[in-house]
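As a plain string of letters, each chain reads:
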Amino acid sequence: FMFLGTGGSSIKYSSGQGKYVADSTYLVMANNWMLKNSYETTMTLIAPEGFTYKALRPPLFPAFLVIISKIHGMNPILPIRIYTVLLSMIVPLCIWLLTRKLWSWREGVLAFAWVCFHPHFVFYSGQIVPETLFLVFSTSAFTLMILEKNNIQAGIAGLLTGLACLCRSQFAGAMLIG
């Protein structure tokens with residue numbers, strides 16, 4: 001893949017920067033944001049087959065990558081993976097709280113164990129994809145919505161829902177329907 005970044009520059013895809021296309025596009029966007037002070041969320045991609053398409057990406061995950069890059073240097077692949085793994089550890093806790101509230105303690109422990117050891121969750125928690133942040137924000141928001149005790153928790157749940165929409169823009173449509 002050849003990624004045409006903002007401002008006409010191009011960055012060649014390197015397998016060391018990300019295993020998946022999503023990894024690389026978000027890393028390239030974060031790199032462009034840092035080097036060029038260009039905060040565009042659209043990227044032109046040229047596939048090996050020769051066709052070109054525009055990829056529109058939500059802004060929160062590249063911003064997350066920029067913050068980690070500012071803290072840990074220009075090529076922080078390992079720190080990014082560590083942060084995403086640490087953040088993804090919130091999801092099983094939220095699932096346990098949700099299931100315990102809706103059903104019982106026993107079902108909460110079963111759901112917690114299922115989420116903790118599910119192969120896809122274990123695999124994706126270490127990848128550089130926005131789904132990790134999306135899962136953290138959306139499950140935290142749902143947990144606060146179910147456990148809502150006051151207006152402050154409802155406001156925090158709304159804020160977390162907004163952050164989830166900034167990670168995966170498709171989530172905004174689902175929230176409007178719900």
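These remarks concern the structure in this document.

Rules used throughout
- Residues numbered from 1 in each chain as written.
- Predicted model: local features only at pLDDT ≥ 70, side-chain atom pairs only at ≥ 80, totals over all residues.
- Heavy atoms only, no water.
- Core = buried A, V, L, I, M, F, W, Y, C linked by side-chain atoms within 4.5 Å.
- Buried < 20%, exposed > 50% of the residue type's maximum accessible area, 1.4 Å probe, protein only.
- Contact = heavy atoms within 4.5 Å.
- Axes fitted to C-alpha atoms, helices over the stretch in contact; angles between N-to-C directions.
- Helix = DSSP H or I, 4+ residues; strand = E, 2+ residues; numbered from the N terminus.
- Parallel < 35°, antiparallel > 145°, perpendicular 65-115°, else oblique.
- Expected span 1.5 Å × (residues − 1).
- Salt bridge = Lys/Arg side-chain N within 4 Å of Asp/Glu carboxyl O.

**A closer look at the nonpolar core**
Next up, step 1: One finds Phe61, Leu65, Ile128 and Phe137 to be the most contacted residues of the largest nonpolar core, which totals 26 residues.
Next up, step 2: The contact partners of Phe61, leaving out residues within four places of it in the chain, are Tyr26, Ile128, Val129, Pro130 and Leu133.
Next up, step 3: In terms of nonpolar packing, the next biggest core, distinct from the first, is built from six residues, Ile95, Val115, Phe121 and Val136 among them.

**Section: the packing of helix 3 (residues 77-88) against helix 4 (residues 90-102)**
Next up, step 1: At their nearest, the axes of helix 3 and helix 4 sit 4 Å apart, and the two run at 10° to each other. Judged by the angle between their axes, helix 3 and helix 4 are roughly parallel. Packed against helix 3, whose contacting residues are Leu86, Leu87 and Ser88, the element helix 4 presents Ile90, Val91 and Pro92 at the interface.

**Quick notes on helix 2 (residues 60-72)**
Next up, step 1: Counted at 1.5 Å a residue, the expected span for helix 2 with its 13 residues is 18 Å, and the 18 Å between its end C-alpha atoms agrees.
Next up, step 2: Buried within helix 2 are the following residues: Leu60, Phe61, Pro62, Phe64, Leu65, Val66, Ile68 and Ser69.
Next up, step 3: Trailing helix 2 by a residue or two, Gly73 shows a phi angle of about 105°, which is positive.

**Brief notes about the pattern of salt bridges**
Next up, step 1: Enumeration according to the criterion identifies one salt bridge in this entry.
Next up, step 2: Note that Arg168 is salt-bridged to Glu131, the shortest N-O span being 3.1 Å. One end of the pair, Arg168, is in the loop between helix 8 (151-167) and helix 9 (170-177); the other, Glu131, is in helix 7 (residues 131-146), and 37 residues separate them in sequence.
Next up, step 3: Classification of Arg168 by relative accessible area gives partly exposed; the value is 24%.
Next up, step 4: You can call Glu131 partly exposed: its relative accessible area is 31%.

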